Amino acid sequence: MNALLSKYPEQVEQILARYPADQKRAAVMPLLYLAQAEDNYVTKQEIADIAEIVGISDTDVVSIIGFYTLYHDEPGGRYRIQVCTDLPCALRGADQFLKNLCENIGVRVGETTPDGLVTIESVMCLAGCHRAPMFQLQGDGDIAYHENMTVEKTLALIEELRRHVKTGEAAHD
Amino acid sequence: MTEQTTFLLRHRAVPNIDQLDVYRANGGFEAFKKVVTSMQPADVLAVVKDSGLRGRGGAGFPTGVKWGFLPNNIWPHYVVANADESEPGTFKDREIMESNPFQFLEGLMIASYAVGANLSYVYLRGEFWQIARGLDEDIAALEAAGLLGDGLFSTQYSLRLRTHLGAGAYICGEETALLESLEGKLGQPRLRPPFPAVYGLFGKPTVINNVETLTNLPPILDKGAAWYKSLGTEKSPGVKIFSLSGCINRPGNYELPLGVTFRELIFEHGGGVPEGRSVKAFMSAGASSTIVMADDTALDTPMDYESTQGNLNAPLGSASVIILDDSVDMAWLVDKTVHFFRHESCGKCTPCREGTYWMGHLTHRITHGKARPEDIELLDTVAAQMQGKCLCALGEFSTMAVRSGIEKFRADFEANVRRAAHG
């Protein structure tokens, strides 16, 4: 039984329809995004499911997760704040921004807040050089840019995420 | 001061042009309709060749010539729009796709007709998640309006467009790595030949064009090759979007005719350097560029493909101009660029994988007060050894800032090493 296929039958079909019928393998990247949409990482079962859908080995799928930075095969924070510290952003204070942000939250780069809400990461150029400091927020099956940021604005955003998660959980209860 | 143009960044002149009805009310898809209903693919190719349009992704290869390489005895043909924009300092394709998406899509449609493709893809970097969703909606709107699909304008021509998201890998901007990624594989460059024009996506003849290149096509087909050639310089015709970043008062995208000087871009459009500092150097093509010392000769160099390469030994590339003021330590800068390339090296070929690794160790030592005096020479030697030996341009690019930085700003490196000796 393919759990991913059972869970998202329409989405899987739509993804496969984007490529020629004899080129199913091309669907592996969108399927990985689909698999990690809910909890921001891909499980072993989902890896096997994807491999079965597109007709490649589990190892092939794992190698793709390892090669590309936006796929995760272990749980991190529910959200990932990925700050660009590449040259153009660094010239506009991105390194200092990241350092101050981490100090304020009490985590180091790569670490997750104790409540599992946010992982802070440093990433390569995001094409937002003119609006640094900037980062992308990965989570809830979305990637959103936040530009011309300050530590204060970022802390407010994290609080908003925290409230959002609490409200969501309350709604589930 | 040369006035900024809005042939590509048209949303700056026409509000809401990201809406299909507004784009059409302003002449949108007239060029596409004209080519499909009244021109042969070869005629379209001839106009584009004649316009002198060159690839805006970095290589500057003539677009029409590139299209002409596709063989007519192997089918189907594909067009892939390269929307992987990942060069540090480049953020132009993003603005086009966010704010003037239909002109880009119309360009992709014109290119598809010109090479006989019935299915074309937009390959976006994974971080452009929201842009991809927007394009998906735009493509659905075009299908609903009868501008995409079967039998367009009552002809035999059919065309469909699809988006495909990468997932965070600079190397996928290299066109053969992009194709591998689109096929669901690791984004590692292919050995060439065969070139994508013959053996591309799914093993079929494929044209890969940058977003900005494609966005030039509707106005070229609309106004003609002679009009396009009246802009820019003789060998670099047309307009270009310059992404200006770094130590500059007004960072952003500037659409200007090719051939405007660096001085004009930096001081008149960009408003000069903050805090009364002076320009020490600049990089003309993002992190892949050599570092150019900002003397009068450099500042007065016209920003076109020939002058930039010829006068400054620096590529114009994607025209991502990073400004460095007199407070920037070039050893620190080189450590930043090497760190980037080391992270982004795909690992397929040894000179790049090992070279960026060892350069990274050396630049780290130098900038962290742990270097020996001979480390500067060693770093230069490692970079020199990599040159000409890598499978794709990424490895070559990684050595540009290193070698030019040591050559032109050795004092910055020596100051770091002295810090180690005194530490």
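Residues numbered from 1 in each chain as written. Chains lettered and ligands numbered in written order. Predicted model: local features only at pLDDT ≥ 70, side-chain atom pairs only at ≥ 80, totals over all residues.

1. A word on the overall build of chain A
- Scanning chain A for helices and strands turns up 8 helices and 4 strands.
- Scanning chain A from its N terminus toward the C terminus, one meets helices and strands in the order α-α-α-α-α-β-α-α-β-β-β-α.
- C-alpha atoms of chain A, sized along the principal axes, occupy 50 × 45 × 25 Å.
- The proportion of buried residues among the 173 residues of chain A is 40%.
- Considering only contacts within chain A whose residues lie at least 6 apart along the sequence, 60% involve residues at least 24 apart. (Helix = DSSP H or I, 4+ residues; strand = E, 2+ residues; numbered from the N terminus. Buried ≥ 20, exposed ≤ 12 C-beta atoms within 10 Å, placed from the backbone. Contact = placed C-beta atoms within 7 Å.)

2. Some words on the overall build of chain B
- A count of helices and strands for chain B gives 19 helices and 9 strands.
- Against the compact-globule benchmark of 22 Å for 423 residues, chain B has a radius of gyration of 22 Å, which places it among compact chains.
- For chain B, the proportion of its 423 residues judged to be buried stands at 58%.
- Expressed as a percentage of contacts within chain B between residues at least 6 apart in sequence, the contacts between residues at least 24 apart total 72%. (Rg over C-alpha atoms; globule rule 2.2 N^0.38 Å.)

3. Some details on the interface of chain A and chain B
- In this complex, chain A contributes 34 residues to the contact, which on the side of chain B involves 36 residues.
- Sorting elements by how many residues they give to the side of chain A that touches chain B places helix α3 (residues 28–35) of chain A first, with 4 residues.
- Grouping the constituent residues of the side of chain A that touches chain B by class yields 24 nonpolar, 6 polar and 4 charged. (Nonpolar A, V, L, I, M, F, W, Y, C, P; charged D, E, K, R; others polar.)

4. Re the nonpolar core
- Counting 183 residues, the largest nonpolar core has A:L32, A:C84, B:V80, B:L108, B:I110, B:F282 and B:I323 as its most contacted members.
- Top contributing element to this core by residue count: helix α6 (residues 101–115) of chain B, with 10 residues.
- When neighbours within four sequence positions are excluded, A:L32 is seen to be in contact with A:V42, A:I50, A:I64, A:I65 and A:Y71. (Core = buried A, V, L, I, M, F, W, Y, C linked by C-beta atoms within 7 Å.)

5. Things to note about the packing of helix α16 (residues 350–367) of chain B against helix α18 (residues 393–408) of chain B
All names here are of chain B.
- Viewed as axis vectors pointing N to C, α16 and α18 meet at an angle of 25°, and their least axial separation amounts to 9 Å. Comparing their axes, α18 and α16 come out roughly parallel. Crossing of α16 over α18 shows left-handed handedness. Here P351, C352, G355, T356 and M359 of α16 come into contact with α18, specifically with L394, G395, S398 and V402.
- Split into classes, the residues belonging to the contact of α16 with α18 amount to 5 nonpolar, 4 polar and no charged. (Axes fitted to C-alpha atoms, helices over the stretch in contact; angles between N-to-C directions. Parallel < 35°, antiparallel > 145°, perpendicular 65-115°, else oblique. Left-handed = near helix turned anticlockwise from the far one by under 90°.)

6. As for the sheet that holds strand β5 (residues 239–246) of chain B
Residues and elements named next belong to chain B.
- As summarised here, the arrangement of the 5 strands in space is β6-β5-β9-β7-β8, forming an open sheet in which the pairing is mixed. A single partner strand is all that each edge strand has here, and the edge strands are β6 (252–257) and β8 (291–293). Going from strand to strand, the sheet's axes swing by 30° on average, the running direction of each strand aside.
- The pairing of strand β7 (residues 279–283) with β8 spans 3 bridges and is classified as antiparallel. Across the sheet, A281 pairs through a bridge with M293, a residue of β8. (Pairing = 2+ DSSP bridges.)

7. Comments concerning the packing of α6(B) against helix α7 (residues 129–144) of chain B
All names here are of chain B.
- Following both chains from N to C, one finds α6 and α7 inclined at 65°, their axes separated by 11 Å at the closest point. Crossing of α6 over α7 shows right-handed handedness. Within the contact between the two elements, α6 uses P101, F102 and L105 and α7 uses G134, L135, D138 and L142.
- The residue inventory of the contact of α6 with α7, partitioned by class, reads 5 nonpolar, 1 polar and 1 charged.

8. Thoughts on the pairing of strand β2 (residues 118–123) of chain A
All names here are of chain A.
- With respect to burial, β2 is a largely interior element, 5 of its 6 residues being buried.
- Looking at chain direction, strand β1 (residues 79–84) and β2 are connected through 6 bridges and run parallel. Looking across to β2, one finds that V83 is bridged to S122.

9. Overview of the confidence of the model for chain B
- Looking at chain B, the pLDDT average stands at 97 and 100% of residues meet or exceed 70.
- The ipTM for the predicted assembly is 0.95, set against a pTM of 0.96. (pLDDT = per-residue confidence, 0-100.)

10. Some points on the environment of B:F69
Residue and element names in this part refer to chain B.
- As for its position among the elements, F69 is in the loop between α4 (63–68) and β1 (77–83).
- Under the C-beta neighbour-count criterion, F69 is labelled partly exposed, with 13 such atoms within 10 Å.
- Measuring from C-alpha to C-alpha, the distance between F69 and L119 comes to 19 Å, with 50 residues separating the pair along the chain.

11. A short note on helix α12 (residues 262–269) of chain B
Residue and element names in this part refer to chain B.
- Among the residues of α12, F262, L265 and I266 are the ones counted as buried. For α12, the angular spread of the buried residues around the axis is 85°, confining them to a single face.
- Against β5, β6, β7, α13 (296–299) and β9 (320–325) lie the buried residues of α12.
- Of the residues flanking the end of α12, it is G271, one or two places downstream, whose phi is positive at about 75°. (Arc of directions from axis to C-beta.)

12. Topic: the pairing of strand β4 (residues 142–146) of chain A
All names here are of chain A.
- Along β4, the buried face is formed by I143 and Y145; none of D142, A144 and H146, which line the opposite face, is buried.
- Note: strand β3 (residues 135–139) against β4, 5 bridges, orientation antiparallel. Note on β4: the bridge partner recorded for Q136 is Y145.

13. Here we look at unusual backbone geometry
Residue and element names in this part refer to chain B.
- Put simply, R192 and P193 share a cis peptide bond, and its omega is -5°.
- Position of P193 among the secondary structure elements: in the loop between α8 (175–182) and β4 (206–210).
- Cis geometry marks the peptide bond from P193 to P194; its omega dihedral reads 5°.
- Looking at the element boundaries, P194 is found in the loop between α8 and β4.
- At N16, a residue that is not glycine, the phi angle is positive and equals roughly 60°.
- Within the secondary structure, N16 sits in the segment before α1 (20–25).
- One non-glycine residue, S154, adopts positive backbone phi at about 60°.
- By C-beta crowding, S154 is classed as exposed, having 8 other C-beta atoms within 10 Å.

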